[in-house]
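As a plain string of letters, each chain reads:
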Amino acid sequence: MGRLLLPALVALLLAGPARAADAPPGASSCTGCHAASRVPDSTIPRIAGRSAADIAKALREYRSGAWTSSIMGRIAKGFDDQQIDALAAWFSSQPE
Ligand code: HEC
C-alpha cells in the first residue's frame, strides 16, 4: 500500500490544481509568495498583470545579481531564459 501511495501523491503534486493547468512549469512555486489575490500589508510585490517584459527583465537581473534581492536571486537561478519568458508571459496574463 505504502508503495502505491507515494507515486500517487507525486502524480497529484505534479498535476497541480486544475486552475493552474495552463500555467508554465514553476509558476506554482511563485504564487505561494506572489499571491493571486491582493495580500494587505505584504512586502512581497504583486506581479500578476504586470508587463511581461518587466517581469522577464526583473528575473534576469535577479539571476545575474545585477539587481540585489533577499531571495529572488536564488529563485531566479533555477530558471533558464525560455522558462523565464514563459513565466513572465503567464503572470502578465493573470488578472491584476
Ligand atoms: C519565498 C517567496 C517568493 C517566491 C517563492 C518567489 N518570489 Fe518573487 N519576490 C519575492 C520578494 C520578497 C521579492 C522582492 C525582492 C526580494 O527581496 O527578493 C520578489 C520580487 C519579484 C519580482 C520583482 C517585482 C518588482 O516589481 O519588484 C518579480 C518579477 C518576481 N519576484 C517574480 C517571481 C517569480 C516569477 C517567481 C517564481 C519563479 C517568484 N517571484 C517566486 C518573494 C518570492
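The rules behind the values
- Throughout, residues of each chain are indexed from 1 in the direction in which the sequence is written.
- Reporting of local features is limited, given that this is a predicted model, to residues whose pLDDT is at least 70; pairs of side-chain atoms are given and counted only at 80 or more, and all residues count toward the totals for whole chains, interfaces and linings.
- Only heavy atoms go into the side-chain values, all of them from the structure, while hydrogens and water stay out.
- Neighbouring residues are identified by heavy atoms, a residue being near a molecule or strand if any of them is within 4 Å of it.
- Polar contacts, as used here, are pairs of N or O atoms within 3.5 Å; protein pairs need one atom able to donate a hydrogen and one able to accept it. Residues neighboring in sequence count only if both atoms are side-chain atoms.
- Cavities and pockets were defined on a 1 Å grid built from protein atoms only: a cavity is a group of points that admits a 1.4 Å probe but offers it no way out, a pocket is an open group of points flanked by protein on both sides within 12 Å along at least five of seven lines, and a lining residue is one with an atom within 4 Å of any such point.
- Each molecule is assigned to a cavity or pocket provided more than half of its atoms lie within 2 Å of the corresponding grid points.
- A run of H or I in DSSP becomes a helix once it reaches four residues, and a run of E becomes a strand once it reaches two; helices and strands are each numbered from the N terminus.
- Each residue is assigned to one of three groups, with Ala, Val, Leu, Ile, Met, Phe, Trp, Tyr, Cys and Pro labelled nonpolar, Asp, Glu, Lys and Arg labelled charged, and all others, Gly among them, labelled polar.
- Only protein chains enter the area calculation, which uses a 1.4 Å probe; residues under 20% of their type maximum are buried, those over 50% are exposed, and those in between are partly exposed.
- Metal sites are built from N, O and S donor atoms within 2.8 Å, or 3.2 Å for Na, K and Ca, and they leave out water, so they may look incomplete.
- Note on geometry labels: four donors, all angles 85 to 135 degrees, give tetrahedral; four donors become square planar and six octahedral when opposite donors are over 155 degrees apart and every other angle is between 65 and 115; remaining cases are irregular.
- Grid points are joined across faces, edges and corners, and a volume is the space filled by probe spheres set on the points.
- A carboxyl oxygen of Asp or Glu within 4 Å of a side-chain nitrogen of Lys or Arg is what we treat as a salt bridge.

Draft legend 1. Local environment of the site of the ligand. In the vicinity of the ligand there are 21 residues, among which C30, C33, H34, S70 and M72 approach most closely. In this structure, H34 approaches the ligand through a side-chain N or O atom, which is 2.7 Å from a nitrogen atom. One of the side-chain nitrogen or oxygen atoms of R50 is found 2.7 Å away from an oxygen atom of the ligand. Here the ligand occupies the largest pocket. Contributions of two or more residues to the shell around the ligand are made by α2 (28-31), α3 (52-64), α4 (72-76) and α5 (81-92). Per element, the largest residue contribution to the shell around the ligand is 4 residues, and it comes from α3. Class assignment for the residues of the shell around the ligand results in 16 nonpolar, 4 polar and 1 charged.

Draft legend 2. Just the environment of Q83, in detail. With respect to the helices and strands, Q83 occurs in helix α5. For Q83, a relative accessible area of 31% corresponds to the partly exposed category. In this structure the side chain of Q83 is engaged in a polar contact, spanning 2.9 Å, whose partner is the backbone nitrogen of D80.

Draft legend 3. Geometry of the coordination of the iron atom of the ligand. Each protein donor to the iron atom of the ligand is listed here as H34 (NE2) and M72 (SD); together their distances run 1.9 to 2.2 Å. Around the iron atom of the ligand, the 6 donor atoms sit at angles spanning 83 to 178°, and that spread fits a shape best called octahedral. With H34 in the loop between α2 and α3 and M72 in helix α4, the pair connects residues that are 38 residues apart, well separated along the chain. For the pair H34 and M72, a shared accessibility class is recorded, and that class is buried.

Draft legend 4. Examining the layout of surface pockets more closely. Considering only enclosed or pocket space, the largest pocket measures out at about 520 Å³ in volume. Forming the boundary of the largest pocket are 25 residues, of which H34, P45, I47, Y62 and M72 lie nearest the centre. Among the residues forming the lining of the largest pocket, the class breakdown is 18 nonpolar, 5 polar and 2 charged.

Draft legend 5. View of the pattern of salt bridges. Summed over the entire model, instances satisfying the criterion amount to 4 salt bridges. With a shortest N-O distance of 3.0 Å, R60 and D81 are connected by a salt bridge. Of this pair, R60 sits in helix α3 while D81 sits in helix α5, and the two are 21 residues apart along the sequence. On the accessibility criterion, D81 (39% relative accessible area) is partly exposed. Between R63 and D81 there is a salt bridge whose closest N-O contact spans 2.7 Å. Here R63 is found in helix α3, whereas its partner D81 is found in helix α5, with 18 residues between them in sequence. Judged by its relative accessible area of 24%, R63 is partly exposed. Taken together, the shared-partner salt bridges in this structure form one network comprising R60, R63, D81 and D85.

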